[in-house]
Amino acid sequence: MSALRLNLLLIGLLLAASVLSLLIGRGGSLALWTLWVDDPVSASVILWQLRLPRLLLAILVGASLGLSGAVLQGLLRNPLAEPSLLGTSSGAALGAVVVFYFGLGGALALPLGGMLGALAALGLIYVLAGRRPDTLTIILAGVAINAFTSALTSLALNLAPNPYAALEIVFWLLGSLADRGLDQVWLALPPMLLGWLLLGSCARALDALTLGEDTAHSLGFHAGWVQLRAISGTALAVGAAVAVTGVIGFVGLVVPHLLRPWVRHRPGRLLVPSSLGGAALLTAADCLTRWLAPGPELHLGVVTALLGAPFFLYLLMQQRTRVV
Amino acid sequence: MLQVQDLQVSLGRRVVIQRLGFSLVPGQLVGLIGPNGAGKTTLLRALVQLLDYAGVVRLQGEDARRLGQRERAQRLAYLAQGHSAHWTLPVPEVVALGRLPHRRGFSSRLSGQDQQAIERALHAADCVEFVDRRIDQLSGGERARVMLARALAVEAPVLLCDEPVASLDPYHQLHIMAMLRRHAEAGAVVVCVLHDLTWAGRFCHRLLLLHEGNLVADGGAAQVLSPENLARVYQISAITGVHADDCYLLPWQCLAAK
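The structure contained in this document is the topic of the report that follows. Computed from a prediction, not measured in an experiment: that's the story for all the values here.

Now for the overall build of chain A. Helix and strand counts for chain A stand at 14 helices and 0 strands. Starting at the N terminus and walking to the C terminus, you meet the elements of chain A as α-α-α-α-α-α-α-α-α-α-α-α-α-α. What you see for chain A is a C-alpha radius of gyration of 20 Å, in line with the 20 Å of a compact globule of 324 residues. Based on the C-alpha atoms only, the size of chain A along its principal axes is roughly 65 × 50 × 40 Å. Considering only residue pairs separated by 6 or more positions, chain A has 78% of its internal contacts joining residues 24 or more positions apart.

As structure tokens, this is what we get:
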């Protein structure tokens, strides 16, 4: 399949998931159809103020996760890499939790806290990894930051002033697109777009890195610059995503991995399909959260982890058999 | 074409290349030889600007440090040791990576010029039979040829190869060495790190002998591969002879340790 046809197919899937996402309600109800006939005013309020922002966020967040996953796998030349590996997600989560914890006001506070947390995690990686960071050092620094920020998040939970505050934090950490408005879309969009630009600018360099850092350098791609663009792009895009939706795992791992054979393993060519695929997958998963649960709505992060974790294991098993 | 003046390279505190100078002109296949740890790979890596150095490297008259990444990449192709490929790309896609320094804009489509360069490189390194395979479906020697094709596809005026024939069978060693010699004679500067002194003596127009980071001999094979140099630098003796007007050399025996 050519790259163009693959992208068209993914756009088709995304459109189908989007239509479904606009129509489907709690418990898989399609009541919006009938409401449209009886009370078009209420129906249009639901559509424009509830369903549409939710859909837009699913697309933006899914694309950010898919894109940064593809870039990080290319950069680290490791099919098991994903945005949370660098501590970006847990850094953003910690930033948001701090905002929760201290009850800082304003609509901007939560996403800003998330962004600052993600950027702090990124800064720490560079401090820990030193002036000329190599891949292994970056991964290890990411693991350390992940562990530390998670511990601090747990500490915040531990010291939470009352059980409701703790519950609020926990639910937020699970990741969800419910009850988000257009405000959140406008908040997340600028850093995400900037992040996408940085990530997209890495495409050719990722192709060159296939042959190792020395060869990539000889082809005119400075490894340090590529790293800086890829990691700050991830921090911006994923930081903004986590800041508005909470932590949503495995999309950034699974989507690039699934699509890689379709672009003949070229890491640079994986970026656009992976963004589209991430958007489609997250939109579909969000439909699933509404469809599956008749009672309290399932959190999106729970659904992606439930589906993603077994897939991750499957990848590990496959890798092991290939090594043997 | 490629001039090196007062080049000094340190790895950590250890000085690996000491005040080295030479000047290479187009039309010559240059063999860079010396025992393990003599500094051959370090020298190539410094020339590609992968390592910091003191001194000056001039590429076509211009200071290599001042050249932009892309411009340098168009003028200087480098085949690294190890031949790593992290993703299982199809062989033509690997060779196409050599065209990256020439690509402009965002289109992923190769130009006709790119396509022709890739074809030429695949032919030169005798890789045409693998075009339907992926890089992970090749043997070590086959992969080495594909990587050489990748470096050739840059079509740069200067080509630096780190052990281009080390893992090849005899047919392909002869084939590739002869091809590199023709490539140089067609107007390029070609520098190859070689361990096989037989090939070095037979195919190279000029040899640079490195020993402990110093350039200890520079010239034709007869002069550089003298029994004294072999004894002093390599601690070996060799059999030499003449066949069909060509001199040959065969490493034969270790000499007693220093």
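The next thing to look at is the overall build of chain B. The helix and strand inventory of chain B stands at 9 helices and 12 strands. Rg of the C-alpha trace for chain B: 19 Å, near the compact-globule value of 18 Å for 258 residues, within the 12% margin. Here chain B, with 258 residues, has 43% of them falling under the buried criterion.

All names here are of chain B. Taken in spatial order, the 4 strands make up an open sheet running E2-E1-E4-E5, and their pairing is antiparallel. Edge strands, defined here as strands with exactly one partner in the open sheet, are strand E2 (14-24) and strand E5 (62-63). Bridge analysis of strand E1 (residues 2-11) against E2 gives 7 bridges, and the strand direction is antiparallel. Of the residues in E2, the one forming a bridge with Val-9 is Ile-17.

With that out of the way, let us pick up the environment of Val143(A). Along the chain, Val143(A) falls in helix H6 (residues 135-158). Expressed as a C-alpha distance, the spacing of Val143(A) and Ser84(A), which sit 59 residues apart in the sequence, is 9.1 Å.

A few words now on the environment of Asp52(B). Residues and elements named next belong to chain B. Here Asp-52 shows up in the loop between helix H1 (40-47) and strand E4 (54-59). The class of Asp-52 is exposed, set by 10 C-beta atoms lying within 10 Å. With 60 residues separating them along the chain, Asp-52 and Gly-112 place their C-alpha atoms 37 Å apart.

All names here are of chain A. In a regular helix each residue adds 1.5 Å, so 37 residues correspond to 54 Å; helix H3 (residues 40-76) covers 51 Å between its end C-alpha atoms and thus fits that length. Within H3, the axis deviates most sharply at Arg-51, by approximately 35 degrees, and proline Pro-53 lies no more than four positions further along. Two residues or fewer after H3 comes Arg-77, characterised by a positive phi angle close to 50 degrees.

This brings us to the interface of chain B and chain A. Counting residues at the interface gives 23 residues for chain B, matched by 20 residues for chain A. Among the secondary structure elements, those contributing two or more residues to the side of chain B that touches chain A are helix H2 (69-75) and strand E6 (76-79) of chain B. With 4 residues, H2(B) is the largest single contributor of residues to the side of chain B that touches chain A. For the side of chain B that touches chain A, the residue count by class is 13 nonpolar, 6 polar and 4 charged.

Bringing the pairing of E4(B) into the picture now. Residue and element names in this part refer to chain B. Alignment of E1 against E4, held across 5 bridges, turns out to be antiparallel. Counted as the bridge partner of Gln-5 is Val-56 from E4. Note that E4 and E5 share 2 bridges and pair antiparallel. Of the residues in E5, the one forming a bridge with Leu-59 is Glu-62. Once E4 ends, the chain turns through 2 residues before running back antiparallel as E5, passing Gln-60 with a positive phi of about 50 degrees.

Residue and element names in this part refer to chain B. In spatial order, the strands read E6-E7-E8-E3-E9-E10; together these 6 strands make up an open sheet with mixed pairing. Looking at which strands have only one partner, the edges of the open sheet turn out to be E6 and strand E10 (214-219). Averaged over all adjacent pairs, the angle separating strand axes in this sheet is 15 degrees, with direction ignored. One ladder, built from 5 bridges, connects strand E3 (residues 28-33) with strand E8 (residues 189-193); its direction is parallel. Among the inter-strand pairings, Val-30 is bridged to a residue of E8, identified as Val-191.

The rules behind each value
Residues numbered from 1 in each chain as written. Chains lettered and ligands numbered in written order. Predicted model: local features only at pLDDT ≥ 70, side-chain atom pairs only at ≥ 80, totals over all residues. Helix = DSSP H or I, 4+ residues; strand = E, 2+ residues; numbered from the N terminus. Rg over C-alpha atoms; globule rule 2.2 N^0.38 Å. Contact = placed C-beta atoms within 7 Å. Buried ≥ 20, exposed ≤ 12 C-beta atoms within 10 Å, placed from the backbone. Pairing = 2+ DSSP bridges. Expected span 1.5 Å × (residues − 1). Bend = angle between axes of the 7 residues up to and from the residue. Nonpolar A, V, L, I, M, F, W, Y, C, P; charged D, E, K, R; others polar. Axes fitted to C-alpha atoms, helices over the stretch in contact; angles between N-to-C directions.

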